[in-house]
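Take a look at the letters that make up each chain.
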Amino acid sequence: MKTLPFPYQHAIEIASQKLLYLIATYPDLTPSFTQAGKWRVQETGWTNWCEGFLGGSLWLVYLLTRDERFLQYAEHYSRLVELRKSDRNVHDLGFLFLPTWKRWHDLTEDVYARQVVIEAGQTLTERFVPQGGYLCSFQGSHSLYIDIMMNVPLIFEAALLLGDDNLLNIAHQHCLTTRRYLVRGDFSTAHEGIFDPQTGKFLHYQTQQGWRDDSTWARGQTWAIYGFALAYQYTHKSVFLQTAEGLADFYLLHTPSHGIPPNDWDEPNPAFPYESSAAAIAASGLFILSGLTQDPLRAKVYQDTAYQILFTLCSADFLTEDDAWEGILRHGIYHLPAFVGVDESTIWGDYFFLEALWWANQSGSFSEKH
Ligand code: GLY
């Protein structure tokens, strides 16, 4: 294993300790966000979409450290989500199975893990609304979320494993519909599109976690950067690469040089300046995109930006060494309008932070600046 430069290596050590503490203190629980720095385990909070990120974090720490304890924990926490492969109530099966069972399969080619990934992907296709050409959100058949771009790769993966053109077509159509309706002309994104499910006609935009229906919720933008990059990786359709690049350029253009966006770029004078989980997702997505783009200049800019984000997240303002604070990254925001998980740690922010560190470790090229 290569050794990462100090701030990144130190972050992995802190993350490992915090994860060991989490699983010892709240055994078999999979919290989503903290409250005053303590993991909130009494409730799922809105929808239960986060149960795969702890298992996923344990896989990543195993990959980064090769400490066998984390392999056992990763398998155990992956098993805890297995039953959700037939969950037809949410659009979030990618969030549950890509960090856990897909990683397990990638690593071992285990035939049972392969089957779990396939079944979860097949279940997700049942959310397809043929009239509109999209996978609908948990809100119902009228609703398309930008977040689903991070879940549709599970269908691409199942399609690939099975050689199933029907699954491939569903995933492809979903990406095209999202591109058409939720990505605006300036490559900002809308959080939700509302459709007439009978005719498939687009009716209007809406937001759940952003500032306004016509504004740009930062995490949605980062789900889209990452999701369209993967759509290109699976399909090799240039429209998805161009979309991911446009979305990434919007992020770069609108985010301060430290790399951390607010919850919504359009909200004037936000009370909380940072949404660190969006930054962690962006860093991971930009590492992926830097390996896909055909343009060497873009590749360098995306990789440098990913390192800049990681560098900022590894600073004392974000990475907490304080044992009393149970999460890894401070200053994440779950749901600002409902004031749930605001300026706290989030399990997905911690997961994508670790994933970005893992990409940094894979890439092995550290910009001189950092
Ligand atoms: N439900 C996905 C998110 O909050 O980003």
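No experiment lies behind these values; they were computed from the predicted model shown. (Residues numbered from 1 in each chain as written. Predicted model: local features only at pLDDT ≥ 70, side-chain atom pairs only at ≥ 80, totals over all residues. Heavy atoms only, no water.)

Of the two faces of strand E6 (residues 192-195), the one carrying Glu192 and Ile194 and the one carrying Gly193 and Phe195 are both buried. As paired elements, strand E5 (residues 143-145) and E6 share three bridges and run antiparallel to each other. Bridged to Ser143 within E6 is Ile194. As defined by bridge partners, E6 adjoins strand E7 (residues 202-206) across four bridges and the pair is classed as antiparallel. Each residue of the ladder has a partner; that of Phe195, found in E7, is Phe202. Linking E6 to E7, which pair antiparallel, is a turn of six residues; within it Gly200 sits at a positive phi near 80°. (Buried < 20%, exposed > 50% of the residue type's maximum accessible area, 1.4 Å probe, protein only. Helix = DSSP H or I, 4+ residues; strand = E, 2+ residues; numbered from the N terminus. Pairing = 2+ DSSP bridges.)

What follows concerns the state of the cysteines. Taken as a whole and judged by the stated rule, the model has zero disulfides. Distance from the sulfur of Cys50, which forms no disulfide, to the nearest cysteine sulfur (Cys136) is 19 Å. This cysteine, Cys175, is not joined by any disulfide, and Cys136 carries the nearest cysteine sulfur, 15 Å off. Owing to a relative accessible area of 0%, Cys175 belongs among the buried residues under this scheme. (Disulfide = S-S within 2.5 Å.)

Where helix H1 (residues 6-25) contacts helix H2 (residues 52-65), the axes come no closer than 11 Å and their chain directions differ by 135°. One way to sum up the angle between H1 and H2 is to call them oblique. Judged by the sense of rotation from one axis to the other, the crossing of H1 with H2 is left-handed. Contact residues: Ile12, Ser16, Leu19, Leu22 and Ile23 in H1; Leu54, Ser57, Leu58, Val61, Leu64 and Thr65 in H2. (Axes fitted to C-alpha atoms, helices over the stretch in contact; angles between N-to-C directions. Parallel < 35°, antiparallel > 145°, perpendicular 65-115°, else oblique. Left-handed = near helix turned anticlockwise from the far one by under 90°. Contact = heavy atoms within 4.5 Å.)

Looking now at the nonpolar core. Membership of the largest hydrophobic core comes to 124 residues, with the highest contact counts inside it found for Trp348, Phe352 and Phe353. It is helix H8 (residues 218-235) that provides the largest number of residues to this core, a total of 11 residues. Discounting chain neighbours no more than four positions away, the residues touching Phe352 are Phe53, Met150, Trp223, Tyr226, Ala280, Ile281 and Ser284. (Core = buried A, V, L, I, M, F, W, Y, C linked by side-chain atoms within 4.5 Å.)

In the vicinity of the ligand, the contacting residues are Trp49, Asp147, Gln209, Trp217, Arg219, Trp223 and Tyr334. Separating an oxygen atom of the ligand from a side-chain N or O atom of Arg219 is a distance of 2.7 Å. Grouping the amino acids of the shell around the ligand by side-chain chemistry returns four nonpolar, one polar and two charged. (Near = heavy atom within 4 Å. Polar contact = N/O pair within 3.5 Å; in protein donor to acceptor, adjacent residues only side chain to side chain. Nonpolar A, V, L, I, M, F, W, Y, C, P; charged D, E, K, R; others polar.)

For the coordinates displayed, the defined rule picks out 33 aromatic pairs. Each ring, one from Tyr334 and one from Trp348, has its centre 5.2 Å from the other, and the planes form 65°; the classification is edge-to-face. Of the two residues, Tyr334 sits in strand E8 (residues 332-335) while Trp348 sits in helix H12 (residues 347-363), which places them 14 residues apart along the sequence. Through a chain of ring-to-ring contacts, the aromatic side chains of Phe33, Trp49, Phe53, Phe95, Trp223, Tyr226, Tyr334, Trp348, Tyr351 and Phe352 assemble into a single cluster. (Phe/Tyr/Trp six-rings, centres within 6.5 Å; stacked < 30°, edge-to-face > 60°.)

The backbone of Phe187 shows a phi angle near 65°, a positive value even though the residue is not glycine. Relative to the helices and strands, Phe187 resides in the loop between helix H7 (165-182) and E6. Backbone geometry places His331, a non-glycine residue, at a positive phi of 65°. Among the structural elements, His331 can be located in the loop between helix H11 (296-313) and E8.

You can see Glu245 is positioned in helix H9 (residues 238-254). For Glu245, a relative accessible area of 11% corresponds to the buried category.

What follows is about the sheet that holds E5. Here three strands make up an open sheet; going across it, the order is E5-E6-E7 and the pairing antiparallel. The open sheet is flanked by E5 and E7, the only strands paired with a single partner. When strand polarity is set aside, the average angle formed by the axes of neighbouring strands in this sheet is 25°. Strands in contact with H7 are E5, E6 and E7; relative to E5, the strand with the most contacts, it is inclined by about 90°.

With that settled, consider the side chain of Thr255. Take Thr255: it is sitting in the loop between H9 and helix H10 (276-290). Classification of Thr255 by relative accessible area gives buried; the value is 11%. From its side chain, Thr255 meets the backbone oxygen of Tyr251 in a polar contact 2.7 Å long. Within the structure, Thr255 has its side chain in polar contact with the side chain of Trp265 (distance 3.3 Å).

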